[in-house]
Amino acid sequence: MHKSRFVSGVALLALSASGCGMAAAAPERGLMVPAEPTLIDFVDPATVVGLSTETLTDDDPGSRYVHINYPEFAGATALNRALRAQAERQLKDFRDRTESADPVTPRPELNVDWQLAAASSKAVAVRLRTGEYLHESWGNSTRTYWYDPREGKAVDSTGLLAGEPALRRLAVLVKAELRDRGPQADRVTAEGDTFDSMAFNRDGDLVVEFDDCQLGPCSLGRLAVAVRAARVEPLLSPLGRRAQESVRESAGGAAADEVPHFTPTRSPDAVSNRAGSVDCARAKCVALTFDDGPGPDTGRLLDLLAKERARATFFVLGSNAAAQPALLRRMSEEGHLVGNHSWDHKDLSKQGSSKIADSLDRTKDVVSAVIGQTPTLVRPPYGAVSRQLRNVTRNMGSSLVNWDVDAKDRHGGTARDIAGRTVREARPGAIILMHDIRRETVDAVPDILKQLRGKGYSFVTVAELYGSAGMQAGRLYESGNGLPRRQPLT
Ligand code: NI
């Protein structure tokens, strides 16, 4: 039953513009400039029904930064299981490799983000993109999982091929393609992880991607090869053929007029949560902030906040927001403030200005497109701030927001711990850090609201905390405590 729901869900797909500056779908293909053959047209995740996102972080916050994000599909159990297992493997492997090291600055970091290389009732492909920061440099790798909705089967990329002989033949074709580009061709072998990331371009050519430093010097950048459709066809497995067909059909604009329209459900109470109705210079206010979402429990959190007429600030990841626009729309419609928490949760203080701007701009564009309002508050991932980050946010007209009360929910803890700590540490003007990607956090919210309301607190957005004093671009805010408090009018 779940499976059919998923299949009918993906049948509603349409190909839409791709991220990362890759070739966008255009109505008349004859007019298009041919795309670079190794580029993949990614499917807009917002068009996939039944998709949500999961996050895995490290329980030990001490020595490293970890943020692993991957999609989850209603009913696609085998694919969900494969993605979860891969996330856990990568976390464990990274932990093992960084465990004994003395604390270093900047910290080692593991970041995994994802894209959809296909999504239809014929085939689904999730491309996991891993960034690892070790020894003061980034290494990037990709791995693509394929799913057959008909069979309910998940395979790694070699599952696109008809067995070992096809893999060996593909290795020969890839070597031939690479021969003119230098000595890296010699390092292609038909084994191991060499062929762990494969997908099709719009013409049905097979795009084989290699990790940084896998075949040659790390300075090469992205190395990928496109093997022409006609040459690769005889090598494909039945799933491989359906996958190729699916990507070609999407590129041809099949089902283009079937983009589902989201109709977010609204709580009737929500309308009374009007922003600006509390003057925090006089009232006791706290700003609850929820980071890293939207996630699987965000809808439930919105229900809880609406019921208690409490407003909050959501610092969303662009990658999650793009996949679940209906939740974003709910946040905005129900009186909450949506802020920018970067695209994929990489530590921005390690990045140069252009990468910082790219991560924040992409997220800003998604949020503005969905809610019709430009986010002006930025919460830096891990709270890490650099001079470049301040400059970029100043130029964007945005302020930086950290916190003065940490619910410490990112690294585990029961709902009871989270509620207890938050209530104990809250004070007038506090900015409270929480994460709506954690079930325990959302479980703690009713208790937090009840107890703090009992102490006379109002729940406002971060911008409301500063009220008419306003917030300045490029400045870092960590608490509303230092604000001049006005005497009540007599
Ligand atoms: Ni975060």
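Residues numbered from 1 in each chain as written. Predicted model: local features only at pLDDT ≥ 70, side-chain atom pairs only at ≥ 80, totals over all residues. Heavy atoms only, no water.

1. Thoughts on the pattern of salt bridges
And then number 1: Counted according to the given criterion, the structure contains 33 salt bridges.
And then number 2: Taken together, the shared-partner salt bridges in this structure form one network comprising D58, R64, R95 and E99. (Salt bridge = Lys/Arg side-chain N within 4 Å of Asp/Glu carboxyl O.)

2. Here's the deal with the packing of aromatic side chains
And then number 1: Per the stated rule, a full pass over the model turns up six aromatic pairs.
And then number 2: In this structure, K284 is placed above the aromatic ring of Y457, and the distance from its NZ or CZ to the ring centre is 4.6 Å.
And then number 3: One cation-aromatic arrangement involves K346 over W138; the distance from NZ or CZ to the ring centre is 5.2 Å. (Phe/Tyr/Trp six-rings, centres within 6.5 Å; stacked < 30°, edge-to-face > 60°. Lys NZ or Arg CZ within 6 Å of the ring centre and 35° of its normal.)

3. Looking at the sheet that holds strand β9 (residues 223–227)
And then number 1: Pairing in this open sheet of three strands is antiparallel, and the strands run β7-β8-β9 from one edge to the other. Each edge of the sheet is formed by a strand with only one pairing partner; in this case those strands are β7 (198–200) and β9. With direction set aside, neighbouring strand axes in the sheet form an average angle of 25°.
And then number 2: Examined bridge by bridge, β7 and strand β8 (residues 206–210) share three bridges and lie antiparallel to one another. When the sheet's bridge partners are listed, M198 is paired in β8 with V208.
And then number 3: Packed on one face of the sheet, helix α3 (residues 163–178) meets β7, β8 and β9 and runs near 115° to β9. (Pairing = 2+ DSSP bridges. Helix = DSSP H or I, 4+ residues; strand = E, 2+ residues; numbered from the N terminus. Axes fitted to C-alpha atoms, helices over the stretch in contact; angles between N-to-C directions. Contact = heavy atoms within 4.5 Å.)

4. So, the coordination of the nickel ion
And then number 1: Distances from the nickel ion to its protein donors, D292 (OD), H341 (NE2) and H345 (NE2), fall at 2.1 Å.
And then number 2: Read N to C, the donor residues that coordinate the nickel ion are spaced as D-x48-H-x3-H. (Donors = N, O, S within 2.8 Å, 3.2 Å for Na, K, Ca; no water.)

5. Things to note about the side chain of D347
And then number 1: Within the fold, D347 resides in the loop between β12 (337–340) and α9 (353–371).
And then number 2: Among the polar contacts made by the side chain of D347, one reaches the side chain of S349 at a distance of 2.7 Å.
And then number 3: Beyond its immediate sequence surroundings of up to four residues, D347 is in contact with Y65, E109, Y382 and A384. (Polar contact = N/O pair within 3.5 Å; in protein donor to acceptor, adjacent residues only side chain to side chain.)

6. Observations regarding the packing of helix α6 (residues 298–307) against helix α12 (residues 439–454)
And then number 1: The interhelical angle for the contact between α6 and α12, taken along N-to-C directions, is 5°, at an axis separation of 10 Å. For the element pair α6 / α12, the angle class is roughly parallel. Every residue of α12 that contacts α6 at R300, L301, L304 and L305 is listed here: R439, V442, D443, V445, P446 and L449. (Parallel < 35°, antiparallel > 145°, perpendicular 65-115°, else oblique.)

7. Looking at the sheet that holds strand β1 (residues 51–57)
And then number 1: Taken in spatial order, the six strands of this open sheet run β1-β2-β3-β4-β5-β6, and their pairing is mixed. The open sheet is flanked by β1 and β6 (153–156), the only strands paired with a single partner. The average angle at which neighbouring strand axes cross in this sheet is 25°, direction not considered.
And then number 2: Pairing between strand β5 (residues 137–148) and β6: four bridges, direction antiparallel. From the neighbouring strand, Y147 faces β6, where its bridge partner is A154.
And then number 3: The sheet contacts of helix α2 (residues 77–98) involve β1, β2 (65–73), β3 (109–119), β4 (124–134), β5 and β6, and relative to β2 the element is tilted by about 170°.
And then number 4: Here helix α5 (residues 238–251) sits on the sheet and contacts β3, β5 and β6; the angle it forms with β5, its principal contact strand, is near 105°.

8. Looking at the pairing of β3
And then number 1: The element β3 is extensively covered by neighbouring structure, given that 11 of its 11 residues are classed as buried.
And then number 2: Two strands pair when backbone bridges link them, and β2 and β3 are joined in this way by four bridges, in the parallel orientation. Among the inter-strand pairings, Y65 is bridged to a residue of β3, identified as E109.
And then number 3: Here β3 runs beside β4; their pairing, made up of 10 bridges, is antiparallel. Residue pairing in the sheet places N111 in a bridge with G131 of β4.
And then number 4: As consecutive antiparallel partners, β3 and β4 are separated by four residues. (Buried < 20%, exposed > 50% of the residue type's maximum accessible area, 1.4 Å probe, protein only.)

9. Notes on the confidence of the model for the chain
And then number 1: The predicted model of the chain averages 85 in pLDDT, with 83% of residues at 70 or higher.
And then number 2: For the chain, the element scoring lowest by mean pLDDT is helix α1 (residues 2–10), at 39; strand β11 (residues 313–316) scores highest, at 98.
And then number 3: Counting interchain partners and residues more than four positions distant, the pLDDT-below-50 stretch residues 255–274 has 39 contacts. (pLDDT = per-residue confidence, 0-100.)

10. Section: the side chain of R410
And then number 1: Here R410 is to be found in the loop between β15 (405–406) and α11 (415–425).
And then number 2: Not counting the four nearest positions on each side in its chain, R410 is found in contact with T57, V66, H67, D292, H345, Y382, H435 and R438.

11. A look at the packing of α9 against helix α10 (residues 387–396)
And then number 1: α10 packs onto α9 with a crossing angle of 45° between their chain directions and a minimal axis gap of 9 Å. Taken together, α9 and α10 sit at an angle that is classed as oblique. For α9 against α10, the interelement crossing comes out right-handed. Taking contact as the criterion, the partners of S353, I356, A357, L360, D361 and K364 in α9 are, on α10, Q388, L389, V392, T393 and M396. (Left-handed = near helix turned anticlockwise from the far one by under 90°.)

12. A few points about the pairing of β5
And then number 1: Sheet topology places β4 next to β5; 11 bridges connect them, and they run antiparallel. The residue bridging V126 from the neighbouring strand is Y145, located in β5.
And then number 2: If you look at the hairpin formed by β4 and β5, you'll find two residues sitting between the two strands, and H135 has a positive phi there, around 50°.
And then number 3: What sits between β5 and β6 in their antiparallel hairpin is a turn of four residues, with G152 showing a positive phi close to 65°.

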